[in-house]
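# Per-entry structural report
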Amino acid sequence: MYPKIKFQLDSKKDMRTFYCFISDARYDNGKILDWAIFQKYPFFKRYKSNNSIEIGKDKVKKFVLDIYAKKGRIMEKGLALYPKSWGKLEKEFYLLTDKLFKNNYWPKGKYIAYLTIWGMYPRFLEDKTFQIPYVHKNKKYVNAVIAHEMLHFKFYDYFLKNYPKYDKRKNDFLIWDASEIFNVIVQNTPIWLKEFKAATKAYPEHKKITKKLQRGYNKKGVFSAKELIEDILKELESGKNKNLIAIKREKQQ
Ligand SMILES: [Zn+2]
């Protein structure tokens, strides 16, 4: 059956994701900290150290709780609005994903969308929870974020079942690259844009591949996840783009 997304507020989740960003920053020279934290909250810049943030847990907690107190009303509004607004689109979303993946299977999980104060919206594959902006200047944007995170859950389930040669632990970065590229191309086709009204931005390192594949897939109209995944893997495995994966692996060590 199709998952019914629940929407929740939980400041503890935001405290935890703060440290997820710091941990991920090890692989991307701290870019993620700019997007997720510094651009929105320059306060943290004074604690910047190399590509990380060195700050006491109590200060992070206080900061997060202050924002939750100050923005409580806006958060409550979002909490009331998002389920309604997603509710109008979810049927179409599941129809589109059924057609794309040629099945209507959804892995088991909590399917909770947590509102977040940060500028990036991580997803947690283990329990199928994710974060969405507590407020955004483009109201339609939140539905595109929800569709994006849900597509990740579906993609990972499909990919790991159908491409066993890519072991998750050994190919973590390749699968991440593939899933982000996949989402950008799918979500930016005219059919998806018509429903969700907001384009999905590619990560800078994925722009070359998405640009190359997007036009062809826009023209196709109807296509399967399988053909798109195979095209993406071809690109990622080709000599030219090998460095994309290799660079990250190096940083990991
Ligand atoms: Zn993503």
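Now for a description of the structure that goes with this document. (Residues numbered from 1 in each chain as written. Predicted model: local features only at pLDDT ≥ 70, side-chain atom pairs only at ≥ 80, totals over all residues.)

## Observations concerning the sheet that holds strand 6 (residues 129-133)
- Strands sit in the order 1-4-6-5 across an open sheet of four strands; the sheet is mixed. One side of each edge strand has no neighbouring strand; the edge strands of this open sheet are strand 1 (6-8) and strand 5 (123-124).
- Bridging between strand 1 and strand 4 (residues 112-116) involves three bridges; their strand directions are parallel. From the neighbouring strand, Gln8 faces strand 4, where its bridge partner is Tyr114.
- Most of the contacts of helix 5 (residues 141-162) go to strand 6, to which it runs at about 160°, and overall it touches strand 4, strand 5 and strand 6. (Pairing = 2+ DSSP bridges. Helix = DSSP H or I, 4+ residues; strand = E, 2+ residues; numbered from the N terminus. Contact = placed C-beta atoms within 7 Å. Axes fitted to C-alpha atoms, helices over the stretch in contact; angles between N-to-C directions.)

## Things to note about helix 2 (residues 31-38)
- Three or more residues of helix 2 are buried, namely Ile32, Leu33, Ala36 and Ile37. Taken down its axis, helix 2 places every buried residue within 95° of arc, on the same side.
- Tucked into the core, helix 2 has its buried residues touching helix 1 (11-24) and strand 3 (52-53). (Buried ≥ 20, exposed ≤ 12 C-beta atoms within 10 Å, placed from the backbone. Arc of directions from axis to C-beta.)

## Some words on the nonpolar core
- Ranked by size, the top nonpolar core spans 47 residues in total, and within it Phe21, Leu33, Ile132, Ile146, Ile181, Phe182 and Ile232 carry the most contacts.
- A total of 11 residues in this core trace back to one element, the largest contributor, which is helix 5.
- Other than its neighbours up to four places away in sequence, Ile146 contacts Ile5, Trp86, Ala113 and Ile132. (Core = buried A, V, L, I, M, F, W, Y, C linked by C-beta atoms within 7 Å.)

## Focus on the environment of Tyr41
- Within the fold, Tyr41 resides in the loop between helix 2 and strand 2 (48-49).
- It is 38 Å that separates the C-alpha atoms of Tyr41 and Leu95, two residues lying 54 residues apart in sequence.

## Focus on unusual backbone geometry
- Its identity is not glycine, yet Lys102 carries a phi of approximately 60°, on the positive side.
- Within the secondary structure, Lys102 sits in the loop between helix 4 (72-101) and strand 4.
- Of note in this structure, Lys128 is not a glycine but carries a positive phi near 60°.
- Position of Lys128 among the secondary structure elements: in the loop between strand 5 and strand 6.

## With respect to the packing of helix 6 (residues 172-187) against helix 9 (residues 225-237)
- Across the interface, helix 6 lies against helix 9 with an axial gap of 10 Å and an inter-helix angle of 130°. With respect to each other, helix 6 and helix 9 are oriented oblique. Once helix 6 is placed against helix 9, the crossing between them reads as right-handed. Contact residues: helix 6 offers Leu174, Asp177, Ala178, Ile181, Phe182 and Ile185, while helix 9 offers Leu228, Ile229, Ile232, Leu233 and Leu236. (Parallel < 35°, antiparallel > 145°, perpendicular 65-115°, else oblique. Left-handed = near helix turned anticlockwise from the far one by under 90°.)

## A short note on the environment of Asp14
- By secondary structure assignment, the location of Asp14 is in helix 1.
- When the 23 C-beta atoms within 10 Å are taken as the criterion, Asp14 is described as buried.
- Measuring from C-alpha to C-alpha, the distance between Asp14 and Leu115 comes to 8.5 Å, with 101 residues separating the pair along the chain.
- Not counting chain neighbours up to four residues away, the residues in contact with Asp14 comprise Val64, Thr116, Ile117 and Trp118.

## A closer look at helix 9
- In a regular helix each residue adds 1.5 Å, so 13 residues correspond to 18 Å; helix 9 covers 18 Å between its end C-alpha atoms and thus fits that length.
- The complete set of buried residues in helix 9 reads Ala225, Leu228, Ile232, Glu235 and Leu236. Down the axis of helix 9, the buried side of the element spans an arc of 95°, and every buried residue falls inside it. Away from its buried face by more than 90 degrees, helix 9 exposes Glu227, Glu230, Lys234 and Glu237. (Expected span 1.5 Å × (residues − 1).)

## Digging into the pairing of strand 6
- Across the five residues of strand 6, five count as buried, placing the element largely inside the fold.
- Where burial is concerned, the two faces of strand 6 agree: the one with Thr129, Gln131 and Pro133 and the one with Phe130 and Ile132 are both buried.
- Linking strand 5 to strand 6, which pair antiparallel, is a turn of four residues; within it Lys128 sits at a positive phi near 60°.

This is a description of form; function is not addressed.
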